[in-house]
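These are the residues of each chain, in order.
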Amino acid sequence: MTASARSLEFCGVALRGPVLNGSGTFDAIAARRAFGDVLLERFPFDAFVSKTITLEPRQGNPPPRLWETPAGLINSIGLPNKGLEGFLASDLPELVELPVPLVVSVMGFSRDELAALVERVGERDEVAMIELNFSCPNVETGLVMGADPAETARALERVRPLTSKPLIVKLTPNADDPPAVAAAAEGAGADAVSLINTLKGMALDPDTRRPWLGGVTGGVSGPAVRAVALEQVHAVSTRVAIPAIGMGGIASGRHAADFLAAGATCVAVGTESFRDPAAGRRVAEELEELRRRAGTRPTRLEATASPSGGQAAAFSP
Ligand code: RRO
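The residue count restarts for each chain, going from 1 along the sequence in the order it is written. Under the rules for a predicted model, residues below a pLDDT of 70 receive no local features and side-chain atom pairs below 80 are neither given nor counted, while totals for whole chains, interfaces and linings still include all residues. The side-chain values count all of the structure's non-hydrogen atoms but skip hydrogen atoms and water molecules.

Asker: I tried to follow helix H4 (residues 111–122) on my own but got confused; where do I start?
Answerer: Owing to its 3.6 residues per turn, the α-helix brings residues three or four apart onto one side. For H4, built from 12 residues, the straight-helix expectation of 16 Å at 1.5 Å per residue is met to within 8% by its first-to-last C-alpha distance of 16 Å. Among all positions of H4, only Leu114, Ala115, Leu117, Val118, Val121 and Gly122 are buried. The arc enclosing the buried residues of H4, seen along the axis, measures out at 165 degrees, which places them on a common side. Helix and strand definitions follow DSSP, with helices as H or I runs of at least four residues and strands as E runs of at least two, each counted in order from the N terminus. One less than the number of residues in a helix, times 1.5 Å, gives the span that helix is expected to have. Accessible area is worked out with a 1.4 Å probe on protein chains only. A residue is then buried under 20% of its type maximum, exposed over 50%, and partly exposed in between. This arc is taken over the directions from the axis of the helix to the C-beta atoms.

Asker: For this particular structure, what's the right way to read the site of the ligand?
Answerer: Proximity criterion: a residue is near a molecule or strand once any of its heavy atoms comes within 4 Å of it. Around the ligand lies a shell formed by Lys51, Asn75, Ile77, Gly78, Leu79, Asn133, Cys136, Pro137, Asn138, Asn197 and Thr198. Two N or O atoms count as a polar contact when they lie within 3.5 Å, although within protein this holds only if one can serve as hydrogen donor and the other as acceptor, and sequence-adjacent residues are included solely when both atoms are side-chain atoms. Asn75 is positioned such that a nitrogen or oxygen atom in its side chain is 2.8 Å from an oxygen atom of the ligand. Only Asp, Glu, Lys and Arg are considered charged, only Ala, Val, Leu, Ile, Met, Phe, Trp, Tyr, Cys and Pro nonpolar, and every remaining residue, Gly among them, polar. For the shell around the ligand, the per-class residue count stands at 4 nonpolar, 6 polar and 1 charged.

Asker: Help me understand the packing of helix H3 (residues 83–95) against H4, please; the structure alone is not making it clear to me.
Answerer: Two packed helices can be described by the angle between their axes and the distance between those axes. An axis is simply a line fitted to the C-alpha atoms; with a helix, the fit covers only the stretch in contact. Between two such axes, the angle follows the N-to-C directions and lies from 0 to 180 degrees. Contact pair H3 / H4: the axes reach a minimum separation of 11 Å and the direction vectors enclose 15 degrees. It follows that H3 is roughly parallel to H4 by the angle criterion. Seen from above, H3 lies across H4 with right-handed handedness. Two secondary-structure elements touch here, H3 through Leu84, Glu85 and Leu88 and H4 through Ala116, Leu117, Arg120 and Val121. By residue class, the composition of the contact of H3 with H4 is 5 nonpolar, no polar and 2 charged. Should an angle lie under 35 degrees it is considered roughly parallel, over 145 roughly antiparallel, and from 65 to 115 roughly perpendicular; all remaining angles are considered oblique. Left-handed describes a crossing whose near helix is turned anticlockwise from the far helix through less than a right angle; right-handed describes the clockwise counterpart. The contact rule is simple, with two residues in contact once any of their heavy atoms fall within 4.5 Å.

Asker: What is the right way to read the nonpolar core from this model?
Answerer: Buried together is how nonpolar side chains tend to be arranged in soluble globular proteins. Put simply, a nonpolar core is a bunch of buried Ala, Val, Leu, Ile, Met, Phe, Trp, Tyr and Cys residues held in one set by side-chain atoms that sit within 4.5 Å of each other. Phe43, Phe48, Val106, Leu114, Leu132, Val169 and Val193 are the most contacted members of the largest nonpolar core, which totals 73 residues. Non-local contacts of Phe43, meaning those with residues more than four positions away in its chain, are made with Arg16, Phe26, Ala28, Phe48, Leu98, Pro99, Val100 and Arg281.

Asker: Even after reading the chapter, I still don't get the confidence of the model for the protein chain, so can you show me in this structure?
Answerer: Note that predicted coordinates carrying low pLDDT should not be read in detail. For every residue, the pLDDT score states the predictor's confidence, bounded by 0 at the bottom and 100 at the top. Residues at a pLDDT of 70 or more form 90% of the protein chain, whose mean pLDDT is 92. Overall, residues 303–317 carries pLDDT values under 50, and its contacts beyond four positions in sequence, including any with other chains, amount to 29 contacts.

Asker: Would you mind going over the pairing of strand E14 (residues 266–269) with me for this structure?
Answerer: Every regular strand shows the same layout, with side chains that alternate between the two sheet faces. Burial along E14 is two-sided: the face carrying Cys266 and Ala268 and the face carrying Val267 and Val269 are both buried. One bridge is not enough; two strands pair if DSSP finds at least two bridges between them. Direction of pairing for strand E3 (residues 19–21) relative to E14: parallel, over a ladder of 3 bridges. Each bridged residue has a counterpart across the sheet, and for Asn21 the counterpart in E14 is Val269. Seen with its strands pointing away from the viewer, a crossover is right-handed when the path leading from the first strand over the helix to the second is clockwise. Taken together, strand E13 (residues 244–247), helix H9 (residues 253–261) and E14 constitute a β-α-β crossover, and its handedness is right-handed.

Asker: Would you mind going over the sheet that holds strand E11 (residues 199–201) with me for this structure?
Answerer: Consider a sheet: its strands pair through backbone hydrogen bonds, and that pairing is either parallel or antiparallel. The 4 strands are arranged E5-E6-E12-E11 in an open sheet whose pairing can be described as antiparallel. Because the sheet does not close on itself, it has two edges, and the strands there are strand E5 (66–69) and E11. For this sheet the average axis-to-axis angle between neighbouring strands, irrespective of direction, equals 35 degrees. With 3 bridges connecting them, strand E6 (residues 72–75) and strand E12 (residues 218–221) associate as antiparallel partners. Within the sheet, the bridge partner assigned to Ile74 lies in E12 and is Val220.

Following this line, the structure appears as structure tokens:
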């Protein structure tokens, strides 16, 4: 398979393929230290999305921060990061060495903070796109912007004039109406959406029956959320014209094909990378193999008339 067999354009950015990482699920700087330059030669993703940064440095939530469920993971990481200046000074120079376009994920606790982040990150030529994380489940005010269409639109309206770089809005599944939030983002100038972030959840210590996680609640990811994510990707892609990056429990090429069939333009691998750091590449190769085998069969969700006159879905492959 040649790289060009899978290449595509996403918001005007050339990608060698459709498989990204979910923000915060692959530490490329630590991986480079562990694996050396081999990581660059066989980088698992077609674009790299940074861990979300905030304006000020953060320690994150108290431990424990992770709980494994039978089919997934609950995290309560709480956005630890070096802050904008620390990121620009020490992480960005390392991330620009990756052989793929860089997406920087940012989160503001207010529209002013978000504006400062977008303005400074947007000035950097090394950054191809900016992801606006309106959906972290583990900080007190993290859900506010992304759970409400009007708040989402207000935030977009504030930052849209500050950069010409593509803006991707990361949607929360913990909202009444994710497609309405996506439509509000689109209406206010977002170039793309990504979904889903984690679903709110919790776990109890089996001995004490008290919350296991230091942050009390956390975000559920992995295979447990895949069906929910697929439905939301379908609903959002049906509602908006801007492209979507679909994610939520993707661990194989078949899963990736499902998300593309449901309407996503790209997919992201998240929790599976903790189990297998090369999962992104494997998913891409399995996806390519499926596409080869499918030949000319359609790959998008096909809408066909149902006997009731409504829409029935036919997925392929
Ligand atoms: O750092 C986190 O706790 C975190 C973030 Br920013 C996010 O967007 N989603 C998540 O599950 N955890």
